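Examination of the molecular architecture
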Amino acid sequence: MNFNEHEHVIEVTDLRRVYGGGFEAVRGITFSVDRGEVFALLGTNGAGKTSTVELLEGLAEPAGGRVRVLGHDPHAERGVVRPRTGVMLQEGGFPSELTVGETARMWAGCVSGARPEGEVLDRVGLGGKTGVRVKQLSGGERRRLDLALALLGDPEVLFLDEPTTGLDAEGRRDTWELVRELRDAGTTVLLTTHYLEEAEGLADRLAILHQGRIAAAGTPAEVTAAQPSRIVFELPEGYFLGDLPPLGELGVSGHEVDGRVVRLRTHQLQRAATRLLVWAEGAGVELRRLDVRAASLEEAFLGIAREAAGAAEKKEYAA
């Protein structure tokens, strides 16, 4: 099968992974990734992220379903797929006594068409560390080395498993910028991450996994749009919740009151905020501690986790 650049670079259909003892870590998920796209897999610990990525990398055979990378089965046709992909595992496990430069040269000898090691090390900010032993690197520097080695073969598809864990804020931002540059140059990137800000800022599309299934998928905007925005403020002295305009007229779908602090939830943020401010102006009062905020990916993620936990509780109670 010849891969057509207009087809999906990664295709996953009803994918399943089962470990010894019958534990089903991945329970029939389906998604695709296009060329030059950054796709993020999110989920809590044990959601199935790494189990899924290992199947895409060809490290194991699925228990069911189908996976294709660049038009090929990454496990059965590993020799065809591997030279065209780069992999950054959660931990590289490189010999601690080797220097950074020696590690890069060793890895380059295992890669088809490797780029110059110095160029790649410079790109991840390790150009000045070539003579330093791996065991002397900080945790963040080791992650940079992991990324450099994943890039040595100039891959068409790049798998990044928790790429910025252990990096400081500057290192994380530098890595984000590098991922954007790779995407703009046509590299397809699939990443897992615990940092929701990272997924929101980098991913063209994403999927949120929960207990081995996809709980939500789409662009970051599409996933967050399903969650309500919020308006938080402190009631003016002498006023109570009933003194506000009817919440239905504001387009409010839910609310909480904690002392004098009011939290409103709405899917019509502009309407609710505008009418609330018009009311405050007419009443001649100030809404202190006012915070008007659209739903974030973090709120969507937590909302999905709460819904899933609630569903599990109901199922357990019914049983």
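None of these values were measured; they are calculated from a predicted model.

Assigned secondary structure in the chain consists of eleven helices and 13 strands. Oriented by its inertia axes, the alpha-carbon framework of the chain measures out at about 75 × 50 × 40 Å. For the chain, the proportion of its 319 residues judged to be buried stands at 44%. Put simply, 67% of the contacts in the chain that link residues at least 6 apart link residues at least 24 apart.

Here the focus is the side chain of Glu 57. For Glu 57, the position within the fold is in the loop between helix 1 (49-56) and strand 4 (64-69). Among buried charged residues, Glu 57 stands out as having no salt bridge; its nearest opposite-charge side chain is Arg 78, 7.0 Å away. Excluding residues that lie within four positions of it along the chain, Glu 57 makes contacts with Pro 74, Arg 78, Val 87, Leu 89 and Phe 159.

Our next topic: helix 3 (residues 100-108). Residues spaced three or four apart along an α-helix point in a common direction, a consequence of the helix completing one turn every 3.6 residues. Those residues of helix 3 lying buried are Val 100, Gly 101, Thr 103, Ala 104 and Ala 108. Looking straight down helix 3, one finds that the buried residues subtend no more than 160° of arc, so they occupy a single side. Close packing links the buried residues of helix 3 with helix 4 (117-123) and helix 5 (139-151).

Attention shifts here to the packing of aromatic side chains. The full count for this structure, using the stated rule, is three aromatic pairs. For the ring pair Phe 94 and Trp 107, a centre distance of 5.8 Å and an interplane angle of 80° mean the geometry is edge-to-face. One end of the pair, Phe 94, is in the loop between strand 5 (85-88) and helix 3; the other, Trp 107, is in helix 3, and 13 residues separate them in sequence. For Trp 107, a relative accessible area of 28% puts it in the partly exposed group. A ring pair is formed by Tyr 239 and Trp 279, whose centres lie 5.8 Å apart and whose planes are at 90°; its orientation type is edge-to-face. Of this pair, Tyr 239 sits in the loop between strand 10 (229-234) and helix 9 (247-250) while Trp 279 sits in helix 10 (residues 269-283); the two residues are 40 residues apart in sequence, bridging distant segments of the chain. A cation over a ring is seen here: Arg 172 above Tyr 195, with NZ or CZ 4.1 Å from the ring centre. Taking NZ or CZ as reference, Arg 260 lies 5.9 Å from the ring centre of Phe 240, over its face.

With that out of the way, let us pick up the packing of helix 5 against helix 6 (residues 169-184). The N-to-C vectors of helix 5 and helix 6 enclose an angle of 10°; their axes lie 12 Å apart at closest approach. With respect to each other, helix 5 and helix 6 are oriented roughly parallel. Of the residues in helix 6, those in contact with Arg 144, Leu 147 and Leu 151 of helix 5 are Gly 171, Asp 174, Thr 175, Leu 178 and Leu 182.

In total, this model carries one cavity of 30 Å³ or more according to the counting rule given. Put simply, the largest cavity is a space of about 30 Å³. Taken together, Thr 44, Ile 208, Leu 209, His 210, Phe 301, Ile 304 and Ala 305 make up the full set of residues lining the largest cavity. Elements represented by at least two residues in the lining of the largest cavity include exactly strand 8 (205-210) and helix 11 (297-318). The residue inventory of the lining of the largest cavity, partitioned by class, reads five nonpolar, two polar and no charged.

As a volume, the largest pocket reaches approximately 290 Å³. Pro 228, Arg 230, Arg 265, Glu 299 and Arg 306 are the residues nearest the centre of the largest pocket, which is lined by 14 residues in total. Among the elements of the structure, strand 10, strand 12 (261-266) and helix 11 are those that each provide at least two residues to the lining of the largest pocket. Ranked by residues supplied to the lining of the largest pocket, first place goes to helix 11 with five residues. The class makeup of the residues in the lining of the largest pocket is four nonpolar, three polar and seven charged.

With that settled, the discussion passes to the nonpolar core. Inside soluble globular proteins, nonpolar side chains tend to come together where they are buried. In this structure, Leu 42, Leu 145, Leu 151, Leu 160 and Leu 206 are the most contacted members of the largest nonpolar core, which totals 41 residues. The contact partners of Leu 42, leaving out residues within four places of it in the chain, are Lys 49, Thr 193, Leu 196, Ala 199, Leu 206, Ala 207, Ile 208, Leu 209, Leu 297 and Phe 301. Ranked by size, the runner-up nonpolar core spans 25 residues in total, among them Val 9, Val 26, Leu 55 and Phe 159.

Criteria and thresholds
- Residues numbered from 1 in each chain as written.
- Predicted model: local features only at pLDDT ≥ 70, side-chain atom pairs only at ≥ 80, totals over all residues.
- Heavy atoms only, no water.
- Helix = DSSP H or I, 4+ residues; strand = E, 2+ residues; numbered from the N terminus.
- Buried < 20%, exposed > 50% of the residue type's maximum accessible area, 1.4 Å probe, protein only.
- Contact = heavy atoms within 4.5 Å.
- Lys, Arg positive; Asp, Glu negative; His and termini not counted.
- Salt bridge = Lys/Arg side-chain N within 4 Å of Asp/Glu carboxyl O.
- Arc of directions from axis to C-beta.
- Phe/Tyr/Trp six-rings, centres within 6.5 Å; stacked < 30°, edge-to-face > 60°.
- Lys NZ or Arg CZ within 6 Å of the ring centre and 35° of its normal.
- Axes fitted to C-alpha atoms, helices over the stretch in contact; angles between N-to-C directions.
- Parallel < 35°, antiparallel > 145°, perpendicular 65-115°, else oblique.
- 1 Å grid on protein atoms, 1.4 Å probe; cavity = no way out; pocket = protein on both sides within 12 Å on 5 of 7 lines; lining within 4 Å.
- Points joined across faces, edges and corners; volume = space filled by probe spheres on them.
- Nonpolar A, V, L, I, M, F, W, Y, C, P; charged D, E, K, R; others polar.
- Core = buried A, V, L, I, M, F, W, Y, C linked by side-chain atoms within 4.5 Å.

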